[in-house]
Amino acid sequence: MKKLINAPEDVVVEALRGMAAAHPQHLRVDTANRIVYRATPAAPGKVALISGGGSGHEPLHGGFVGPGMLDAAIAGEVFTSPVPDQVVEATRRADTGAGVVHIVKNYTGDVMNFEMAAEIAAAETGVEVVSVITDDDVAVQDSLYTAGRRGVGVTVLAEKIAGAAAEQGRPLHEVADVVRRVNENGRSMGMALTSCTVPAAGRPTFDLPEHEMEIGVGIHGEPGRRRVPLAPAKEVAAMLLEPILEDLRTAVGDTKDVIAFVNGMGATPLLELYLMYGEVSALLAKAGVNVVRSLVGPYITSLDMAGCSVTLLRVDDDLVRLWDAPVNTPGLRWGA
Amino acid sequence: MKKLINAPEDVVVEALRGMAAAHPQHLRVDTANRIVYRATPAAPGKVALISGGGSGHEPLHGGFVGPGMLDAAIAGEVFTSPVPDQVVEATRRADTGAGVVHIVKNYTGDVMNFEMAAEIAAAETGVEVVSVITDDDVAVQDSLYTAGRRGVGVTVLAEKIAGAAAEQGRPLHEVADVVRRVNENGRSMGMALTSCTVPAAGRPTFDLPEHEMEIGVGIHGEPGRRRVPLAPAKEVAAMLLEPILEDLRTAVGDTKDVIAFVNGMGATPLLELYLMYGEVSALLAKAGVNVVRSLVGPYITSLDMAGCSVTLLRVDDDLVRLWDAPVNTPGLRWGA
Amino acid sequence: MSEIVDVTTLRSWLIRFAGDVEEHAAELTELDSAIGDADHGSNLARGMKAVVSVLADDSTPPSIGPMLKQSGMALVSTVGGASGPLYGTFFLRMATAAGECDALGPDSLAAAFRAGLEGVVARGKASAGDKTMLDALIPAVDAFEAALGEGKPFGDAIRAAADAAEAGRDATTGLLARKGRASYLGERSVGHQDPGATSTALLFRAAATTMIDGEDGK
Amino acid sequence: MSEIVDVTTLRSWLIRFAGDVEEHAAELTELDSAIGDADHGSNLARGMKAVVSVLADDSTPPSIGPMLKQSGMALVSTVGGASGPLYGTFFLRMATAAGECDALGPDSLAAAFRAGLEGVVARGKASAGDKTMLDALIPAVDAFEAALGEGKPFGDAIRAAADAAEAGRDATTGLLARKGRASYLGERSVGHQDPGATSTALLFRAAATTMIDGEDGK
Ligand SMILES: Nc1ncnc2c1ncn2[C@@H]1O[C@H](COP(=O)(O)OP(=O)(O)O)[C@@H](O)[C@H]1O
Ligand SMILES: Nc1ncnc2c1ncn2[C@@H]1O[C@H](COP(=O)(O)OP(=O)(O)O)[C@@H](O)[C@H]1O
Ligand SMILES: [Mg+2]
Ligand SMILES: [Mg+2]
Ligand SMILES: [Mg+2]
Ligand SMILES: [Mg+2]
């Protein structure tokens, strides 16, 4: 295992300490509870937006804390959801009196730990909490009888867009609705060229032969839909885009305007991500889909996995305006 | 070789096409000449700032085109400097009448091609060009009898800071002086955990055994100063920082205030870069060096190499003010 | 061998389980690599280490309910992921069922196991056959109750529970996952043993070992 | 064998060199991996492909100077890196020295080589022994001039140039690099053959082959 770390068990806290040192004007980090807060808390009356999950997906979520996006982010161990105590603490501290929205990626562990936290928060703190789950990964068959689809790329877009809605002063249930609207209109699919390596495990989560790739991989190195021979970027783009468009059409109808997001899994360089974006944008043009905004880069990663994911979000004017609103976080910043 | 590309010979143009598609409001890309321009050219009278070099270091340089930073960036083949014709074309197009500064990383190829371009520009276009070379890599012994030190991390800081100086309306020679000042006060050192793979070569540039790392590596996968056993992040930080501080002290005297920059080589995740930054910042505190600003992330990369580099820039108030000035590029953005 | 499990024995059980998890951590993570995210071993090891230090901290052993509650809380507060709330809930519900007492008779222990199991179902919403820890937990609790119902001695009953948990664990290999991370794999989950069922089998083997040893030194 | 090298022969030389570079591209890149950045083969192959297409484009062969100039320009405009300006300058300076003529005698060719060599030195500011293409180029031009000076026939002289280039190339292995990317390696550059010297040896072997074959079919 080749990593720039000290002991595997200290990775998360030491990285948080580095984040705190790197962003003294923007962030406050509670390393004991592993929570990243805004340096300047939001004014009373603003709905607080909180997210969190396992570490190893940086900049998600800690890198998205700041004006226009999250109020707090809770870091679990690598690929392990945080525990309820952390979520309760962040909820209590971030609440300005207007209630707290939890954005939770749909993984059994995340859902259960946030659920327990919401129960405790309701019983012990009186803070009003609304949880919204993101589950946009079309690689997984959705079903009532399974854990359902995973929350992936849409989470980034939901945090940005709902963050802007909260900043505008929208009330708790409307902010939560924005998260739901983004989730319902967004779909993603990922692929991996190589496995990630969890520090505590010390070796790659899966073996991927030199001439194969994993289509439909998860952001924790969960194996994907299928393993296929390496293919040119053009074909990879089609493999990711087609199921997304198909699923969006079935679920929400015709897809005209979208935000297109090509995400890097961690070890894939920007050169390749831009090249992939070129292929995605060409395919969308052919499909008659109009890209109104785009995002290219490593925003929801899977440690050192090489690969990418594509997310499409169907948008209306409200969502685009919220997307364009100022944001000032280490990971995403404009207009500020 | 596992990469998200089509044919190796098309990588650069296809990635540029993707960049153009991803940033229609911000960039104009001349794919024939492989030049990235601002979508909105600078107003007449502003000194133009141009840089370029081999591709494979993204977001450098194309990702740094925009208000507050570069006016144009010229992309060579992967790890191969651009040719003079491209540089001449970019120079001619970017000039607003106030002259053009070329920021050139110190590599034989880059220096010669930009030199030929400046000769041609002088003879054929009448545009006034001042070239400034960056050579901040302390891994390489500096000497009059060799190619000298390589230009690495300082180039990013120089492009930002000189970009702000140009935006302020400073004249040609003052903008060039800012680049020189940044270069003289900046030092860097890099390391690699794994090799990069040049698409056209199809296999890793060097073999690095499972338990070794390369200290003092270049951003083209040029072998470094020495190969040592893997070590904890704490020790890696010291291996990079000590020669930098030593060199700075000898060359420019006591080092009080700095901008500290921990750069990712391409395949190293942000989690590890923040952890490294934590170690660097702790060592600097111990050394009595005051970090006034910082930058953490993959900004001058080496394709899919895993590793990092550290850059320190001694700053005065003028340089800090220029650093803080608004910048609006795909790769670096604040205040705009 | 007495038919009574006292607080010291239950504590030994937890400590034994912690040791077994530590010993098998790499194997649990390995299983989780194949159909999950390669952390079940380190997750549970971290949690049980916390349980052990909670148990060690306490100089005067509390009664059973509070001790199990502390253990469950320690798991919930340190593990995260799926196994933190699930194992945590298991012990928390056992605690409530056991109440403030110093020892449990076989039927009370069975009732506590059953309450724990129901807590896991309520929390995780999985069913038998979904390829989760339930596929070891359900047969274990069923077997324990059945043996007691048939009038078997306590030692045989707890051994039957451990055997049933291991058989259930083995049977997960053939199942198609419908809950947890392995469910993302669909058909490709078949052929792999479930990590959570594997740790649950360790839990009941530790129970059999300590509850029998603890009483008659065998 | 004539003592005159005409425009057709020079064109054959360039085409032959292009083919040799293409054939040895992987080897050149391999050498550049060890002490550089793994692109010398693809760089020079791209450039010589451009030269060949420039030469093919031109239906009426121009005279020697313009042809060499076109070739040098093609290299400068397509290669980049260190080898683009250096090989480009070599042919551009040869072009100027040769001027507008249809054939070169041995002494004129020697003068053109010398001019090319001086161009490379002026552009790259390296010296003999710095472990660069100069360590093949200098001995080649020296040997050519020396053989002619000793009154040897043209064929022997150009063969001596090629032999000297190859000997110079081989000798780069023992040198410590002081210019180009390999200089970053310091002591660690010793023991590796220089890629640029290797391609320059191909250039002179191609000259010997085509300029001799081209005249007497041997
Ligand atoms: N809904 C559920 N009900 C019961 N057990 C579950 C459920 N989801 C997952 N599990 C169990 O949890 C185990 C995984 O635990 P762990 O790896 O620690 O958590 P995570 O999946 O969050 O990484 C699985 O092997 C499975 O036995
Ligand atoms: N200053 C110089 N003078 C002469 N030749 C040089 C000089 N610098 C480099 N070279 C030659 O160029 C070769 C490398 O060419 P190439 O790999 O195409 O360019 P780059 O080093 O820019 O990647 C070296 O092997 C060396 O022979
Ligand atoms: Mg997990
Ligand atoms: Mg090169
Ligand atoms: Mg797991
Ligand atoms: Mg090279």
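Bear in mind that the values here come from a model prediction, so they are computed numbers and not experimental data.

## Here we look at the packing of aromatic side chains
- Scanning the model with the defined rule gives 21 aromatic pairs over all chains in all.
- The interplanar angle of 75° and the centroid separation of 6.1 Å between the aromatic rings of Trp-13 of chain D and Phe-113 of chain D together place this pair among those described as edge-to-face. Of this pair, Trp-13 of chain D sits in helix H1 (residues 7-35) while Phe-113 of chain D sits in helix H5 (residues 106-124); the two residues are 100 residues apart in sequence, bridging distant segments of the chain.
- With a relative accessible area of 0%, Phe-113 of chain D lands in the buried category.
- Clustering of aromatic rings is evident, with ring pairs tying together Trp-13, Phe-90, Phe-91, Phe-113, Phe-144, Phe-154 and Phe-204 of chain C.

## Describing the site of ligand 1
- The environment of ligand 1 is made up of 21 residues, and the closest members are Asp-37, Ala-82, Ser-83, Gly-124 and Asp-194 of chain C.
- Taken together, the residues near ligand 1 originate from chains A and C.
- One of the side-chain nitrogen or oxygen atoms of Asp-37 of chain C is found 2.9 Å away from an oxygen atom of ligand 1.
- One of the backbone N or O atoms of Met-133 of chain C is found 2.9 Å from an oxygen atom in ligand 1.
- Calculation on ligand 1 without its partners gives an accessible area of 560 Å², and the protein chains cover 96% of this total.
- Within the residue set of the shell around ligand 1, elements represented by two or more residues are helix H3 (40-57), helix H5 (83-98) and helix H9 (195-216) of chain C.
- Here the element with the most residues in the shell around ligand 1 is H9 of chain C; it accounts for three residues.
- Taken together, the residues of the shell around ligand 1 sort by class into six nonpolar, nine polar and six charged.

## Quick notes on the coordination of the magnesium ion (ligand 3)
- Coordination sphere of the magnesium ion (ligand 3), protein contribution only: Phe-79 of chain A (O), Asp-37 of chain C (OD) and Asp-39 of chain C (OD), at 2.1 to 2.4 Å.
- Between the magnesium ion (ligand 3) and the magnesium ion (ligand 5), both coordinated by Asp-37 of chain C, there is a metal-metal distance of 3.5 Å. Of this pair, Phe-79 of chain A sits in the loop between strand S4 (72-78) and helix H2 (84-94) while Asp-39 of chain C sits in the loop between helix H2 (25-35) and H3, on two different chains. The pair formed by Phe-79 of chain A and Asp-39 of chain C is uniform in burial state, with each residue classed as buried.

## Quick look at the relation of the copies chain B and chain A
- It takes a turn of 180° to lay chain B on chain A, together with a shift of 0.0 Å along the axis; the resulting RMSD is 0.0 Å. Such a combination of rotation and displacement between the chain copies is what one expects of a two-fold axis. Considering only C-alpha atoms, the part of chain B nearest the rotation axis is Ala-267 of chain B, at 1.9 Å.
- The fraction of interface residues of chain B whose copies in chain A are also interface residues reaches 100%, indicating that both copies meet through the same surface.

Thresholds applied
- Per chain, residue numbering runs from 1 following the sequence as it is written.
- Just so you know, chain letters begin at A and ligand numbers begin at 1, following the order they were written in.
- With pLDDT at 70 or above as the cut-off, local features in this predicted model cover only qualifying residues; side-chain atom pairs require 80 or more to be listed or tallied, and sums for whole chains, interfaces and linings still use all residues.
- Excluding hydrogens and water, the side-chain values take into account all heavy atoms of the structure.
- Only the six-membered ring of Trp is used, alongside the rings of Phe and Tyr, when aromatic pairs are assigned; centres must lie within 6.5 Å, and planes under 30 degrees apart are stacked while those over 60 apart are edge-to-face, with the rest tilted.
- What counts as a helix is a DSSP run of H or I of at least four residues, what counts as a strand is a run of E of at least two, and both are numbered from the N terminus.
- For the exposure calls, accessible area comes from a 1.4 Å probe over protein chains only, and a residue counts as buried if that area is under 20% of its type's maximum, exposed if over 50%, partly exposed in between.
- Any residue with a heavy atom positioned within 4 Å of a molecule or strand is treated as near that molecule or strand.
- Polar contact is defined as a pair of N or O atoms within 3.5 Å, subject to the rule that within protein one atom must be able to donate a hydrogen and the other to accept it, and that residues adjacent in sequence are counted only when both atoms are side-chain atoms.
- Areas reported as accessible are Shrake-Rupley estimates using a 1.4 Å probe. Residue values count occlusion only from the protein chains shown.
- Any residue that is not Ala, Val, Leu, Ile, Met, Phe, Trp, Tyr, Cys, Pro, Asp, Glu, Lys or Arg is counted as polar, Gly included; the first ten are nonpolar and the last four charged.
- Shown as donors are all N, O and S atoms within 2.8 Å of a metal ion, widened to 3.2 Å for Na, K and Ca; because water is not in the atom set, sites may appear incomplete.
- The copies were overlaid with a least-squares fit restricted to C-alpha atoms from residues scoring a pLDDT of at least 70 in each copy.
- We call two residues in contact whenever any of their non-hydrogen atoms come within 4.5 Å of each other.

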